[in-house]
Amino acid sequence: MQKQEVRVGGEAGPGHGGSSPAEQVKAFMDLLAGKGTQGTQVPQAPDRTPEPPPEPPGNDYRIQRHREVLLSRLGGDLVLGEPPPRLASLLLVEGLTDLQLREHDFTQVEATRGAGRTARTIALDRLFLPLSRVSIPPRVSITIGVAGVGKTTLVRHFVHLWAQGQLAKDFLQVLPLTFRELNTYEKVSADRLIRSAFPHVGEPSLAAAAPDRALLILDGLDECKTPLDFSNTAACTDPKKEVQVDNLITNIIRGNLFPEVSIWVTSRPSTAGQIPGGLVDRMTEIRGFNEEEVKMCLEQMFPEDQSLAGWALAQVQADRALYLMCTVPAFCRLSGSVLGHLYRHRRGPLDAELSPPRTLSEIYSWYFRVALGREGQDKGKVSPRIEQVAHGGRRMAGTLGRLAFQGLVRKKYVFYEQDLRAFGVDLALLQTALTGCFLQREETPGSAAAYCFSHLSLQEFVAAAYYYGASKRAIFDLFTESGVSWPRLGFLTHFRSAVQRAMQAEDGRLDVFLRFLSGLLSPRVNALLMGSLLAPGEHQGYREQAARLLQGCLAPEAAVSARAVNVLRCLHELQHTELASSVKEAMEREGLARLTSPPHPAALAYLLQVSDAYAQEANLSLCLSQAVLQSLLPQLLYCQSLRLDTNQFQDPVMELLGSVLSGKDCRIQKISLAENQISNKGAKALARSLLVNRSLTTLDLRGNSIGPQGAKALADALKINRTLASLSLQNNMIKDNGAGSIAEALASSRTLCMLHLQKNSIGPVGAQRMADALKQNRSLKELMFSSNSIGDGGAKALAEALKVNQGLESLDLQSNSISNAGVAALMGALYTNQTLLSLNLRENSINPEGAQALARALCTNSTLKNLDLTANLLRDQGAQAIAEAIRENRALTSLHLQWNFLQAEAAKALGQALQLNSSLASLDLQENAIGDDGASAVASALKANTALTALYLQVTSIGASGAQALGEALAVNRTLEILDLRGNAIGVAGAKALGNALKVNSSLRRLNLQENSLGTDGAICMATALAGNHRLQHINLQGNHIGESGARMISEAIKTNAPACTVEM
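Small disclaimer: the values here were computed from a predicted structure and weren't measured.

(A) Representation of the overall build of the protein within the structure. Helix and strand content of the protein: 43 helices and 29 strands. Sorting the 1065 residues of the protein into buried and exposed places 60% on the buried side. When the accessible surface of the protein is split by element, carbon and sulfur atoms take 50% of a total near 40,300 Å².

(B) Highlighting unusual backbone geometry. Although it is not a glycine, F901 adopts a positive phi angle of roughly 60 degrees. Note that F901 resides in the loop between β23 (894-896) and α38 (904-914). Of the residues examined, F901 reaches a relative accessible area of 41% and is grouped as partly exposed. Positive phi is not limited to glycine here, since S1013 has a value of about 55 degrees. Secondary-structure assignment places S1013 in the loop between β27 (1006-1008) and α42 (1015-1028).

(C) Inspection of a nonpolar patch on the surface at higher detail. Judged by side-chain polarity, L691, V692 and I720 come together as a nonpolar surface patch covering roughly 270 Å² of accessible area. Mapped onto the elements of the fold, L691 is located in the loop between α30 (680-690) and β16 (698-700).

(D) The packing of helix α13 (residues 306-318) against helix α15 (residues 329-345), seen in detail. Where α13 meets α15, the axes come as close as 10 Å, and the angle between the chain directions of the two elements is 120 degrees. Our classification of the angle between α13 and α15 gives oblique. Handedness of the crossing formed by α13 with α15: right-handed. Judged by residue contacts, S307, L308, W311, A312, Q315 and V316 of α13 engage L339, G340, L342, Y343 and R344 from α15. Here the residues of the contact of α13 with α15 sort into seven nonpolar, three polar and one charged.

(E) Quick look at the nonpolar core. F438, F513 and L624 are the most contacted members of the largest nonpolar core, which has 341 residues in total. Among the elements that line this core, the one with the most residues is helix α20 (residues 456-470), at 11 residues. With residues up to four places along the chain from it excluded, the contact list for F513 reads F405, L408, E460, A463, A464, Y467, F479 and A498.

(F) Spotlight on α30. With respect to burial, α30 is a largely interior element, eight of its 11 residues being buried. All of the buried residues along α30 are N680, G682, A683, A685, L686, A687, S689 and L690.

(G) Geometry of the packing of aromatic side chains. Taken as a whole and assessed by the stated rule, the structure comprises 23 aromatic pairs. Between F128 and F158, the ring centres sit 5.6 Å apart and the planes meet at 75 degrees, which makes this aromatic pair edge-to-face. On the criterion of sequence distance, the pair formed by F128 in the loop between β2 (120-123) and β3 (140-144) and F158 in helix α6 (residues 151-163) is long-range, its members being 30 residues apart. The exposure classification of F128 matches that of F158, with both residues buried. Taking the centre distance of 5.7 Å and the plane angle of 90 degrees together, the rings of Y467 and F513 count as edge-to-face. Taken together, the residues span a long stretch of sequence, with Y467 in helix α20 and F513 in helix α22 (residues 511-519) at a distance of 46 residues. A relative accessible area of 0% means that Y467 is categorised as buried.

(H) Representation of the side chain of R320. As for its placement among the helices and strands, R320 is situated in helix α14 (residues 320-325). Setting aside its immediate chain neighbours within four residues, R320 contacts R113, Q609, V610, S611, D612 and A615.

(I) Structural view of the environment of V765. By the element assignment, V765 lies in helix α33 (residues 764-774). Owing to a relative accessible area of 54%, V765 belongs among the exposed residues under this scheme. Residues V765 and D736 lie 29 residues apart in sequence; the distance between their C-alpha atoms is 6.2 Å.

(J) Looking closely at the packing of α38 against helix α39 (residues 931-944). One can describe the packing of α38 onto α39 by two numbers: an axis separation of 8 Å at closest approach and a directional angle of 0 degrees. Relative to α39, the element α38 is oriented roughly parallel. The segment α38 lies against α39, with A904, A907, K908, G911 and L914 engaging D933, G934, A937, V938 and A941.

(K) Structural view of the environment of L696. Relative to the helices and strands, L696 is located in the loop between α30 and β16. The sequence separation of L696 and Q640 amounts to 56 residues, and the corresponding C-alpha distance is 9.0 Å.

(L) Structural detail: the pattern of salt bridges. Per the counting criterion, the structure on display carries 33 salt bridges. Here D645 makes a salt bridge to R643, at a shortest N to O gap of 2.7 Å. You can call D645 buried: its relative accessible area is 9%. Because the salt bridges share partners, they merge into one network encompassing K712, D716, K719 and E744.

(M) Structural view of the sheet that holds strand β1 (residues 89-93). If you trace the seven strands from one edge of the open sheet to the other, you get β2-β1-β9-β3-β8-β6-β4, paired in mixed fashion. The sheet terminates laterally at β2 and β4 (173-178), the two strands that pair on one side only. Mean inter-strand twist for the sheet, computed between neighbouring axes without regard to direction, equals 30 degrees. Relative to strand β9 (residues 282-285), β3 runs parallel, the two being bridged by four bridges. The residue bridging S141 from the neighbouring strand is R282, located in β9.

(N) Highlighting the confidence of the model for the protein. Confidence in the prediction of the protein, expressed as mean pLDDT, is 86, and 88% of residues score 70 or more. Below pLDDT 50 for its whole length, residues 24-57 participates in 94 contacts with residues either more than four positions away or in separate chains. A low-confidence stretch, residues 376-384 (pLDDT under 50), is modelled with seven contacts involving residues beyond four sequence positions or located in other chains.

(O) Representation of α20. Taking 1.5 Å per residue, 15 residues should reach 21 Å; α20 reaches 21 Å between its end C-alpha atoms and fits that length. Counting buried residues along α20, 15 of its 15 residues qualify, which places the element largely inside the surrounding structure.

Conventions we followed
- Residues numbered from 1 in each chain as written.
- Predicted model: local features only at pLDDT ≥ 70, side-chain atom pairs only at ≥ 80, totals over all residues.
- Heavy atoms only, no water.
- Helix = DSSP H or I, 4+ residues; strand = E, 2+ residues; numbered from the N terminus.
- Buried < 20%, exposed > 50% of the residue type's maximum accessible area, 1.4 Å probe, protein only.
- Areas by Shrake-Rupley, 256 points an atom, 1.4 Å probe, with all protein chains shown as cover.
- Patch = residues over 30% accessible without salt bridge, like charges linked within 9 Å, V, L, I, M, F, W, Y side chains within 5 Å.
- Salt bridge = Lys/Arg side-chain N within 4 Å of Asp/Glu carboxyl O.
- Axes fitted to C-alpha atoms, helices over the stretch in contact; angles between N-to-C directions.
- Parallel < 35°, antiparallel > 145°, perpendicular 65-115°, else oblique.
- Left-handed = near helix turned anticlockwise from the far one by under 90°.
- Contact = heavy atoms within 4.5 Å.
- Nonpolar A, V, L, I, M, F, W, Y, C, P; charged D, E, K, R; others polar.
- Core = buried A, V, L, I, M, F, W, Y, C linked by side-chain atoms within 4.5 Å.
- Phe/Tyr/Trp six-rings, centres within 6.5 Å; stacked < 30°, edge-to-face > 60°.
- Pairing = 2+ DSSP bridges.
- pLDDT = per-residue confidence, 0-100.
- Expected span 1.5 Å × (residues − 1).

Here it is, written out as structure tokens:
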């Protein structure tokens, strides 16, 4: 276990306390080297392990001895403890996505917004066990993760726990190897490899003695010096035959060698694709930090100063692009070390010189500067001379830079002494503290040493710094180092070459290098590194030309590629943000449709990744053409929520979207296509994608024209799809036939929870089909059936279903021509139904007779919480019946009786009921002429009632006396929070009464007095009240002719006494 990896957050390492910046960097580098606080040294090479003493017969001694050796290699007294939750439970994935196969690790994090795939998890202690009783254990397992996420840390935890006998007890032997070790061999046999790496095992090896109980770990496939080639590798079944290392590994994975031994490979995602999927039995993925773990990491870095930790967290959260990168533990730790330095050394919050970094280049430049400080301190100089520091920085960049750059070009990330000599690296430089902050030395077999940059991004930064400096004097192509001189020399020529190479690299391996190279031209980075890494005045004046060169790469494309988005990131590093800003402004003004030049789609794709406004939902309604959408499709894959309403999209666009939703990379969970021009053909295209899509949970097709055939296509897809939970087909003319198709799918669905079918011309036949489905369905929670024409027949059918169904919680039957007979049937179902929580019967034909049936049901039902009877024909007699039921009901919390021809007698009955009721929290009596007498009755109830929190009395013919009664009640009541009196005539007297009440009332939060003839005098009453009330949050005084003086008094009262209150005047 020679390879070490970054361990961050709660996974290893101490808090840095009040240490100096130099000590902070040293501690960070120790973490990168795997040292932490345990005082461990770099593990010794396997062939230096002392030979065990003579052992007794049998394997028990050798097993125990092997465990002891592994613990010793992990660091002697090392106490790893339990792995953190994200390493103790891995994502169980079904293969690599196109993004993982083709793109840079940083691009993977940025494109997916730092969110891991939706997948099952598997505990570390079950990693090599069968998933079910009928399956078998995996032979070849692969664990993937981006650079710096903790793959080797995971392996170390696993080996440590196994050696202590805490997990994987089925394995008699665990043999951990790294590709850094394997790279030191040219040819080796399987037997010799095991004997040389684990000489203490003895003969015969445990792998031979019990092969089905052995685990061979191959850590770091991405560092293998030769790519694995499964197509052209000759088979080898002889464990004693010496072959090339890549040939050996290929045959082990194929099962030609050690066929019964379990194999565990760890790798960065792009390299894991070298192994054919058919040979992989199980693939797992390590997720990055979540929001809480980013916070915990920073807190554990600075345990002695939580204000510092809070400040550091606020800084990374201030820039979404950097915050997403902090989901990578290594980057989070590096950023924390930089921010800790800035916090301790800034002279104040407005210190421009030490302002927080906002780009990758700024973070890594600060890291370099802090490392320079450590260099001087290690030499025993409190303040090293500037010339020495500058010389050391440029020497390091020149010496290691070529190594880093050529390694990046050749996909080489591990180096050995022969590599260093080949690239002219001064070995003496490797001993300096500055170099140690970037390059790590590790022992390997045969007394060789492996060198690697502490993190891939550090190699890319040093490579960019080298290229930046070398391009000043190089007369040949730095990428090929050919001897052919270029006719045009200078920095821009080399910069253009770098841009072209990066744009042509299909795997994106030069993306971050190009960002750093661009960032070195930015004014802030120039100022940070001037005189140390960068020569004074070097390349100044090229910034605008470099920006134009980058923007010139954004040619018209059929689809915006990851390379194009990276150009926008380069411009951001360059601090040239005009293009992105113009698109952002257009998006805010809903003027995106007018931006038609080639760079604009790429800028839009970039903003979708980095903008806080689009983090939760990418709202592209009213602004996209088909051409722009088509170019954006590859980047829309990773939006969690996508709103594309009112874009006049037709069926061909649905074919394009269907292809996106069908992709295995698709992360879209919610998509809204409301108010477009989608017909049955477009619906069929979407339905085909639902057959394979595994991410979409919400599909909104409101206001289209999919018709019965489109509904049938979607229904057929729902029979197979197992992820869609919400489907809205409102206003799509699906009619009875379409409703029948949806019902057929609903009958067998186990995932659909919300179904919206409003305004679809569905009659009793469609309702009957839906009712039959509800008798079988147990998943649906919300069914919206409003604005159809199901009539009493449909209501009766649904009532029969409610007697059986025990899952539906909300049923909306607004505007469905339901009369007393239908209501009676529905209420009959409520005697036995125990799940329905909300029932909407607005705008039907329910009269006092139907209200009697409602009342009887409410007396016995104990689950219904929300009942909406707005715009029916209840009159006083019906309301009185419901009031009697409310006296006994203890479940109902919201009752809407708006526009039901109610008068004072109804209000009096309801008032009496409220004095006894302890559950109703909201009562709506709008547009009922209850008058002052009715208002007084309700007010009397408020003096005793302690449950009501919202009372709506808009347009209810209330005058001054009614308002005075309400004022008296408010002076006593301690629970009412919302009172709406809009459209009455309470006048000055009413305003005065309410104002006096507000001086003592402490519960009211919102008061609506709009259009109540208050005048200036009424405004004065309100202003006086506001001077004494500090709890009111919103008051509406519009339409009251309060005049300028009244408005001024209100404003002054708010400003002086209630600054948190919002007033509409």
